[in-house]
Amino acid sequence: DVAFLGAVADDAAARFGLDRGRMAATGFSAGAMMVWRLACDAPDAYLAFAPVAGTLWNPLPDHCAGPAPLLHVHGTTDKVVPLEGRSLANGRLVQGNLFSALSMMRRTMSCTGAAAVAAPDGWTAEAWTLCTGRGAITLMTHGGGHMVPPGWAVTALGFFAAHPRG
């Protein structure tokens, strides 16, 4: 899937004259799970990553290729993809624990120094910006459920603009 999506992005860049170095990856729910996989396996293939309401499946990888700018947005009352993960299909599939995935990603990027950062009304945000290379992680949560919250697009675009390739 990672190679296929890279080929699709390359094709779109060639067909439509897009700057491949400015493409970011984002997705919702299962799409967010794929974005996490892209951030882990192909961190240099996209400008940044912004998954919403989805995380890596268990078993989590021990580490990722990192570093990569990652903005994760999630509802604290999400029951479809709960923050702590959940078992599906009689235990054959297990959605990963978001906090464990973030911890693994912080280790991959040698991130230190979490700090609260500005967030839209009703959201909370924590960022790890002291990371190797282009690495940066921001976790934003809101009180809603399994949804893309209002204001998400503006927030994501701001994150992408703050993490240009340099």
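Structure shown above.
Note that the structure is a prediction, hence the values are computed from the model and not measured. Sequence order sets the numbering: in each chain, residues are counted from 1 along the sequence as written. Where local features are concerned, this predicted model is filtered to residues with pLDDT of at least 70; where side-chain atom pairs are given and counted, the filter is 80 or more; whole-chain, interface and lining totals use all residues. The basis for every side-chain value is the complete set of non-hydrogen atoms in the structure, without hydrogens or water.

**Re the packing of aromatic side chains**
Thought 1: Side-chain rings of Phe, Tyr and Trp (the six-membered ring for Trp) are treated as a pair once their centres are within 6.5 Å; stacked means planes under 30 degrees apart, edge-to-face means over 60, and tilted covers the remaining angles. The full count for this structure, using the stated rule, is one aromatic pair.
Thought 2: Arranged with centres 5.8 Å apart and planes meeting at 70°, the rings of Tyr 46 and Phe 49 form a pair that is edge-to-face. No difference in accessibility class separates Tyr 46 from Phe 49, as the two residues are buried.
Thought 3: We call a charge positioned over a ring when the NZ of a Lys or the CZ of an Arg lies within 6 Å of the ring centre and within 35 degrees of the ring normal. Over the ring of Tyr 46 we find Arg 20; its NZ or CZ atom is 4.7 Å from the centre of that ring.
Thought 4: Note that Arg 106 overlies the ring of Trp 128, its terminal NZ or CZ placed 4.5 Å from the centroid. Each residue is placed in one exposure class: buried if its accessible area under a 1.4 Å probe, protein chains only, is under 20% of its type's maximum, exposed if it is over 50%, and partly exposed if it falls in between.

**Some remarks on the pairing of strand E8 (residues 136-142)**
Thought 1: We count a stretch as a helix when DSSP gives it H or I for four or more residues in a row; a strand needs E for two or more, and each element gets its number in order from the N terminus. E8 sits mainly inside the fold: seven of its seven residues count as buried.
Thought 2: Covered by surrounding structure in E8 are Ala 136, Thr 138, Met 140 and His 142 together with Ile 137, Leu 139 and Thr 141, the residues of both alternating faces.
Thought 3: Of the strand pairs in this sheet, strand E3 (residues 69-75) and E8 are connected by seven bridges, and their pairing is parallel. Each bridged residue has a counterpart across the sheet, and for Leu 70 the counterpart in E8 is Ile 137.
Thought 4: Pairing of strand E7 (residues 123-130) with E8 involves six bridges; the strand directions are antiparallel. In the strand pairing of E8, Thr 124 is matched with Thr 141.
Thought 5: Connecting E7 to the antiparallel partner E8 that follows it, the hairpin turn spans five residues, and Gly 133 within it adopts a positive phi of roughly 55°. Two strands pair if DSSP finds at least two bridges between them.

**Considering the environment of Ala 156**
Thought 1: Along the chain, Ala 156 falls in helix H4 (residues 152-162).
Thought 2: Sequence spacing of Ala 156 and Ala 50 is 106 residues, and the spatial spacing of their C-alpha atoms is 6.7 Å.
Thought 3: Note on contacts: a residue pair qualifies if any of its non-hydrogen atoms lie within 4.5 Å across the two residues. Setting aside residues no more than four positions away along its own chain, Ala 156 makes contact with Ala 50 and Leu 71.

**Some words on the pattern of salt bridges**
Thought 1: We count a salt bridge whenever a side-chain nitrogen from Lys or Arg sits within 4 Å of a carboxyl oxygen from Asp or Glu. Counting across every chain of the model gives three salt bridges.
Thought 2: Close ionic contact of Arg 20 with Asp 10 constitutes a salt bridge, the shortest N to O distance being 2.8 Å. Taken together, the residues Arg 20 in the loop between helix H1 (2-16) and strand E1 (25-28) and Asp 10 in helix H1 connect sequence positions ten residues apart.
Thought 3: Under the relative-accessibility criterion, Arg 20 is labelled buried at 19%.
Thought 4: Of the residues examined, Asp 10 reaches a relative accessible area of 43% and is grouped as partly exposed.
Thought 5: Note that Asp 11 and Arg 15 form a salt bridge whose closest N and O atoms lie 2.7 Å from each other. On the criterion of helical spacing, the pair formed by Asp 11 and Arg 15 is a turn pair, its members being four residues apart in helix H1.
Thought 6: A relative accessible area of 61% means that Arg 15 is categorised as exposed.

**Some remarks on the nonpolar core**
Thought 1: Core analysis: the biggest nonpolar cluster contains 29 residues, and Trp 36, Tyr 46, Phe 49, Leu 70, Leu 102, Met 105 and Ile 137 have the highest contact counts within it.
Thought 2: Secondary-structure elements contributing two or more residues to this core are H1, helix H2 (30-41), helix H3 (98-108) and E8.
Thought 3: The dominant element in this core, judged by the number of residues it contributes, is H2, at six residues.
Thought 4: Setting aside residues up to four positions removed in sequence, Leu 70 forms contacts with Trp 36, Ala 39, Phe 49, Pro 51, Leu 102, Met 105, Ala 136, Ile 137, Thr 138 and Phe 159.
Thought 5: Only buried residues count toward a nonpolar core, which is a set of Ala, Val, Leu, Ile, Met, Phe, Trp, Tyr and Cys residues joined through side-chain atoms within 4.5 Å. Counting 14 residues, the second largest nonpolar core, distinct from the first, contains Ala 53, Ala 125, Met 140 and Phe 160.

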